[in-house]
Amino acid sequence: MNKDKYLKELEKRLKYLNPEQKSNEIFRISNELDNGGIVKDISQEIEDIYKKYKINPLKKEKNANNKILNKFDKIGKSFENFYNSFIKYDSKNKIIIVRDLIIIILLVSIFKIPFLVLENVLFSIFHNILSVKIINLLNNVVEILYIIFAIIVFIKMFKRRFKKELKID
């Protein structure tokens, strides 16, 4: 394998390094090869580089494949963007953002009314027919449905209102 192919393959496999670390390592190895250094097996070279930066590629690969972890990471970055934007605003814009958050929370709370009506209708229809345990189970199901609905509505309203602050395209 010639030097260019070796370095390109090395660059491809060093995907868990940040760009600065990657360029430093490729530059270092390129200099070693130019000065007549011994070409190591590429797998061994990559393993040595990851050890140097204390990176476990197996763990990184497992985390990269974890969809739930990636989703939480994306949510965390969005809120970090929101917080950083919020800090940079002047007091007038901060008050507007707080007002809009309160409005979103109030709207989501108002959406509880249809679920309360549903609970009351279920209770009035089935209170003599079904046992108390089943009625409680129905009430719990309705509550869980409301919580899921409220979270989804809050996220959609939040994203729509704070698109600029979240840096969503």
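For the structure, check the block above.
The structure reproduced in this document is the subject of the present report.

Reading guide: rules and limits
Residues numbered from 1 in each chain as written. Predicted model: local features only at pLDDT ≥ 70, side-chain atom pairs only at ≥ 80, totals over all residues. Heavy atoms only, no water. Patch = residues over 30% accessible without salt bridge, like charges linked within 9 Å, V, L, I, M, F, W, Y side chains within 5 Å. Areas by Shrake-Rupley, 256 points an atom, 1.4 Å probe, with all protein chains shown as cover. Salt bridge = Lys/Arg side-chain N within 4 Å of Asp/Glu carboxyl O. Helix = DSSP H or I, 4+ residues; strand = E, 2+ residues; numbered from the N terminus. 1 Å grid on protein atoms, 1.4 Å probe; cavity = no way out; pocket = protein on both sides within 12 Å on 5 of 7 lines; lining within 4 Å. Points joined across faces, edges and corners; volume = space filled by probe spheres on them. Nonpolar A, V, L, I, M, F, W, Y, C, P; charged D, E, K, R; others polar.

### Comments concerning a nonpolar patch on the surface
Alright, step 1. Judged by side-chain polarity, I103, L107, I110, F111, I113, V117, V121, I125 and F149 come together as a nonpolar surface patch covering roughly 740 Å² of accessible area.
Alright, step 2. When contributions to the nonpolar patch are tallied by element, the ones reaching two or more residues are α6 (91–110) and α7 (112–126).
Alright, step 3. The greatest single-element share of the nonpolar patch, amounting to 4 residues, is contributed by α7.
Alright, step 4. Among the secondary structure elements, I103 is positioned in helix α6.

### Structural notes on the layout of surface pockets
Over the atoms rolls a probe the size of a water molecule, and in doing so it shows where empty space is left.
Alright, step 1. Quantified by volume, the largest pocket comes out at close to 330 Å³.
Alright, step 2. In terms of lining residues, the largest pocket is bounded by 11 residues, among which I75, S78, F79, I155 and K159 are the most central.
Alright, step 3. At the level of secondary structure, the elements contributing two or more residues to the lining of the largest pocket comprise α5 (67–88) and α8 (132–161).
Alright, step 4. Residue composition of the lining of the largest pocket, by class: 7 nonpolar, 1 polar and 3 charged.
Alright, step 5. The computed volume of the second largest pocket comes to approximately 190 Å³.
Alright, step 6. Along the wall of the second largest pocket there are 10 residues; nearest its centre are R13, Y16, I46, Y50 and P57.
Alright, step 7. Only α1 (3–13), α3 (42–52) and α4 (57–65) provide two or more residues apiece to the lining of the second largest pocket.
Alright, step 8. Among the residues making up the lining of the second largest pocket, the classes are represented as 4 nonpolar, 1 polar and 5 charged.

### A word on empty space enclosed by the protein
Alright, step 1. The tally for this structure, following the rule as stated, stands at 1 cavity of 30 Å³ or more.
Alright, step 2. By volume, the largest cavity is sized at about 40 Å³.
Alright, step 3. Lining the largest cavity, in full, are Y6, I29, E32, L33, I38, V39, K40 and E45.
Alright, step 4. It is helix α2 (residues 19–34) that contributes the most residues to the lining of the largest cavity, 3 residues altogether.
Alright, step 5. Partitioned by chemical class, the residues of the lining of the largest cavity number 5 nonpolar, no polar and 3 charged.

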